[in-house]
Amino acid sequence: MSTKAIVLLVLGVAFAIFSMFALIGIALVLPAVQQAREAARRAEMKNNLKQIGLALQNYHEVHNLYPLPRIETDSKPVETTE
């Protein structure tokens, strides 16, 4: 084998090993990233519910009653496929 062939073979093996380590690293980090995103979504939803509750309390303080539920009368009916 020539020197160039050996160099290319060593570079190929090094690249394959590096690729495997990169894939393993991504596989280990990805679940942690997904868990962090899910925790952020839960925190955002919890904050939104808190804000709705505060808005209802403020409305009640001003008007001495809670807002009435609103029913859309001008909306299109949902089509069913039967």
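Refer to the preceding data block for the structure.
Computed from a predicted model, the values in this text were never measured in an experiment.

The rules behind each value
- Residues numbered from 1 in each chain as written.
- Predicted model: local features only at pLDDT ≥ 70, side-chain atom pairs only at ≥ 80, totals over all residues.
- Heavy atoms only, no water.
- Helix = DSSP H or I, 4+ residues; strand = E, 2+ residues; numbered from the N terminus.
- Expected span 1.5 Å × (residues − 1).
- Bend = angle between axes of the 7 residues up to and from the residue.
- Salt bridge = Lys/Arg side-chain N within 4 Å of Asp/Glu carboxyl O.
- Buried < 20%, exposed > 50% of the residue type's maximum accessible area, 1.4 Å probe, protein only.

A.B. asks: Can you explain helix 1 (residues 3-63)? Please cite residues and give values.
C.D. replies: Note that an α-helix has 3.6 residues per turn; residues three or four places apart therefore point the same way. Counted at 1.5 Å a residue, the expected span for helix 1 with its 61 residues is 90 Å, and the 87 Å between its end C-alpha atoms agrees. Its axis deflected by about 25° at valine 29, helix 1 carries its strongest bend there, up to four residues before the proline proline 31. Asparagine 64 lies just past helix 1 and shows a positive phi near 55°.

A.B. asks: Tell me what's going on with the pattern of salt bridges, and back it up with residues and numbers.
C.D. replies: Counted by the stated rule, this structure contains 2 salt bridges. For the salt bridge of arginine 41 with glutamate 38, the shortest nitrogen-to-oxygen distance reads 2.8 Å. Within this pair, arginine 41 and its partner glutamate 38 are both found in helix 1, separated by 3 residues, close to a single helical turn. Residue classification places arginine 41 among the partly exposed positions, given a relative accessible area of 43%. The closest approach of N and O atoms between glutamate 38 and arginine 42, which form a salt bridge, is 3.9 Å. In this pair, glutamate 38 and arginine 42 are both assigned in helix 1, 4 residues apart and thus about one turn of the helix distant. Overlapping salt bridges bring together Glu38, Arg41 and Arg42 as one network.

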